[in-house]
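Working through the structure, step by step
Residues per chain, in single letters:
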Amino acid sequence: MSIKFGIIGYGFMGHEHLAMLSDFDGIDVTAVCDIEPEQLKDVPEGIRTCVDAEELIRDPEVQVVLISANNNQHLKLVKAAAEAKKDIICEKPLALSLEDLAEMERVVAENGVKFTVHQQRRFDPDYRMIKKVFDEGTLGDIYTVQTGLYGYNGNMHDWHVYPEQGGGMLYDWGVHLIDQMLWMIPGRITSVFADVRNVINEKVDDYFKILLMFENGITAEVELGTYFLKDEDKWFERHWFIGGNKGSAYADGFEPKGKLVRTTSLLTNVSGSRTMTAAGPTRSFGPPREGLIVSEELKPAGTTHRMYFENYVKAYRGEEEFLVTIPQVKRVLAVMEAARESARTRKSVDFEVN
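First, a word on what this report is: a plain description of the structure on this page. Quantities reported herein were computed from a predicted structural model and do not represent experimental measurements.

Regarding the sheet that holds strand β5 (residues 87–91)
The six strands are arranged β3-β2-β1-β4-β5-β6 in an open sheet whose pairing can be described as parallel. Strands with a single pairing partner mark the edges of an open sheet, and in this sheet they are β3 (48–50) and β6 (115–118). Put simply, the sheet's adjacent strands are angled 25° from each other on average, direction ignored. Two elements, strand β2 (residues 27–33) and β3, share three bridges in a ladder whose sense is parallel. Note that in β3 the partner of C33 across the bridge is C50.

As structure tokens, then:
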């Protein structure tokens with residue numbers, strides 16, 4: 001029997017959810033809610049609509065409330081759904097503070113409902129391509145993992161320009177990029193250092209660089225800029241790089257092209273020969289000799305965002321565990337708060353240390 005879903009918030013993500021779930025085996029969307037009646041005009045026939053979230057939450061047919069309203073609405077909607085004994089999927093970021101998340105956890109626990117977050121970008125093909133390299137240990141001892149996402153427009157859109165509604169890029173894309181890093185790299189984070197800026201936008205962040213120092217020796221770098229220009233193919237998409245002591249790997253683009261890159265031999269000491277470059281003689285930089293650098297194309301991961309809901313249906317039925325857990329979400333939010341503190345003080349912030 002299909003699980004009955006109700007969607008609250010029928011903006012961009014609400015539309016995306018309905019489009020994906022309209023033919024999804026095991027899920028039946030029965031109701032959609034948005035405070036703006038105009039937003040509901042294209043809801044397909046046969047699906048109930050309303051402008052009051054409480055009406056959808058009280059609907060006896062709805063089993064799971066999928067919250068895709070503005071970020072600042074998440075706390076009250078999660079509490080209302082939990083108190084109505086509805087199971088909940090909430091869009092990211094789940095909460096705007098650890099304090100809000102603690103309140104959500106309390107109400108959810110009191111009412112015994114299922115609770116998870118829509119972190120569908122764990123299935124991004126570029127991310128899964130590079131994560132496979134990391135997991136297989138192909139590159140030896142990893143010392144750096146980097147991800148970057150760059151844009152050319154600069155400006156935010158819709159309610160994302162308003163800080164009081166949870167706007168800005170750290171809440172929008174940062175939560176995804178940090179979640180991907182933490183889901184890939186094991187071990188404790190010892191410190192967080194960040195630069196968070198308003199480059200084009202007056203009130204909300206549109207650039208950040210975050211450095212995560214892991215106890216295992218890996219440094220993770222997360223960078224996003226909405227006005228970060230370069231005339232290079234796929235530049236205005238996403239980029240991944242992993243460096244290890246046996247080679248490197250990269251993946252570029254949302255439909256990624258990626259390669260493993262190695263050398264045919266590793267030096268045991270510095271070569272006596274030098275290469276002349278425009279900047280002067282060098283033994284490590286400049287053009288490598290022919291045949292020294294070899295590369296191998298990475299295979300497509302074959303993942304899609306539908307896999308998030310495939311996991312959800314199986315987990316809901318008790319066949320497997322939910323992919324996204326609240327402790328994982330809490331850790332990401334804690335990193336985001338540490339990043340803001342670091343940016344404010346211009347100092348690194350100790351994290352997960354005794």
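A word on unusual backbone geometry
Here the residue pair K92 and P93 is connected by a cis peptide bond, since its omega of -15° sits within 30 degrees of zero. Mapped onto the elements, P93 comes out in the loop between β5 and α4 (98–111). The residue K85 is not glycine, and still its phi comes out positive at about 65°. When you line up the elements, K85 lands in the loop between α3 (74–83) and β5.

Topic: the packing of helix α5 (residues 125–136) against helix α6 (residues 169–184)
Taken N-terminus to C-terminus, the directions of α5 and α6 make an angle of 25°; their axes are 10 Å apart at the nearest point. Comparing their axes, α6 and α5 come out roughly parallel. Our pair here, α5 against α6, has a crossing hand that is right-handed. Between α5 and α6, the residues in contact are Y127, R128, I130, K131, F134 and D135 and Q180, W183 and M184, respectively.

Focus on α3
Each α-helix turn comprises 3.6 residues. Residues three or four places apart therefore point the same way. If you check which residues of α3 are buried, you get H74, L77, V78, A80, A81 and A82. Those residues of α3 that are buried are in contact with β1 (3–8), α2 (53–58), β4 (64–67), β5, α4 and β6. Backbone geometry just after α3 places K85 at a positive phi near 65°.

A few points about the pattern of salt bridges
Going through the model one piece at a time under the given rule, you end up with 27 salt bridges. E54 is paired through a salt bridge with R58; the nearest N and O atoms lie 4.0 Å apart. In this pair, E54 and R58 both sit in helix α2, four residues apart, roughly one turn of the helix.

Some details on the packing of aromatic side chains
Evaluated as defined, the whole model comprises 14 aromatic pairs. Seen in terms of ring centroids, Y207 and F228 are 6.2 Å apart; in terms of plane orientation they differ by 5°. Their pairing is stacked. One end of the pair, Y207, is in strand β9 (residues 207–214); the other, F228, is in the loop between β10 (219–225) and β11 (238–244), with 21 residues separating them in the sequence. Geometrically, the ring pair formed by Y312 and F322 is tilted, given 5.2 Å between the ring centres and 45° between the ring planes.

Quick word on the sheet that holds β10
Spatial strand order, β16-β13-β12-β11-β7-β10-β9-β8-β17: nine strands in an open sheet with mixed pairing. Each having just a single partner strand, β16 (293–297) and β17 (349–350) make up the two edges of the open sheet. Summarising the sheet, strand β12 (residues 247–252) and strand β13 (residues 257–263) pair through five bridges and their orientation is antiparallel. The residue of β13 that forms the bridge with D252 is K257. Sitting on the sheet, helix α8 (residues 326–345) touches β8 (189–197), β9 and β17, and the angle it makes with β8 is about 60°.

Quick notes on the pairing of β1
Burial analysis of β1 places six of its six residues in the buried class, the great majority of the element. Burial of β1 is two-sided: the residues I3, F5 and I7 facing one way and the residues K4, G6 and I8 facing the other way are all buried. When β1 meets β2, the two strands line up parallel, connected through six bridges. In the sheet register, I3 faces β2, and the bridge partner there is I27. Assessed by its sense of winding, the connection that carries the chain from β1 through helix α1 (residues 12–21) to β2 is right-handed. Of the strand pairs in this sheet, β1 and β4 are connected by four bridges, and their pairing is parallel. Across the sheet, residue G6 finds its bridge partner in β4, namely V65.

Here we look at α6
Helix length check: α6, at 16 residues, gives a terminal C-alpha distance of 21 Å against a target of 22 Å (1.5 Å per residue), a fit within 8%. At V175, α6 shows its strongest bend, of approximately 35°.

Points about the nonpolar core
Ranked by size, the top nonpolar core spans 54 residues in total, and within it F5, V32, V78, I88, L94 and F309 carry the most contacts. Once residues lying within four places of it in the same chain are set aside, the contact partners of F5 are L21, I27, D28, V29, T30, A31, V62, V64, L66, I89, F309 and Y312. The next biggest cluster of nonpolar side chains, apart from the first, holds 49 residues, and it includes Y127, I130, L224 and L298.

Observations concerning the environment of E38
Along the polypeptide, E38 turns up in the loop between β2 and β3. A distance of 2.9 Å separates a polar atom in the side chain of E38 from a polar atom in the side chain of K41.

A short note on the packing of α3 against α4
Packing of α3 against α4 leaves a shortest axis separation of 9 Å and a crossing angle of 10°. One element, α3, and the other, α4, form an angle in the roughly parallel class. Contacts from H74, L75, V78, K79, A82 and E83 of α3 reach α4 at D100, E103, M104, V107, V108 and N111. Among the residues forming the contact of α3 with α4, the class breakdown is six nonpolar, two polar and four charged.

Parameters and conventions
Residues numbered from 1 in each chain as written. Predicted model: local features only at pLDDT ≥ 70, side-chain atom pairs only at ≥ 80, totals over all residues. Heavy atoms only, no water. Pairing = 2+ DSSP bridges. Helix = DSSP H or I, 4+ residues; strand = E, 2+ residues; numbered from the N terminus. Axes fitted to C-alpha atoms, helices over the stretch in contact; angles between N-to-C directions. Parallel < 35°, antiparallel > 145°, perpendicular 65-115°, else oblique. Left-handed = near helix turned anticlockwise from the far one by under 90°. Contact = heavy atoms within 4.5 Å. Buried < 20%, exposed > 50% of the residue type's maximum accessible area, 1.4 Å probe, protein only. Salt bridge = Lys/Arg side-chain N within 4 Å of Asp/Glu carboxyl O. Phe/Tyr/Trp six-rings, centres within 6.5 Å; stacked < 30°, edge-to-face > 60°. Right-handed = clockwise from strand over helix to strand, strands pointing away. Expected span 1.5 Å × (residues − 1). Bend = angle between axes of the 7 residues up to and from the residue. Core = buried A, V, L, I, M, F, W, Y, C linked by side-chain atoms within 4.5 Å. Polar contact = N/O pair within 3.5 Å; in protein donor to acceptor, adjacent residues only side chain to side chain. Nonpolar A, V, L, I, M, F, W, Y, C, P; charged D, E, K, R; others polar.

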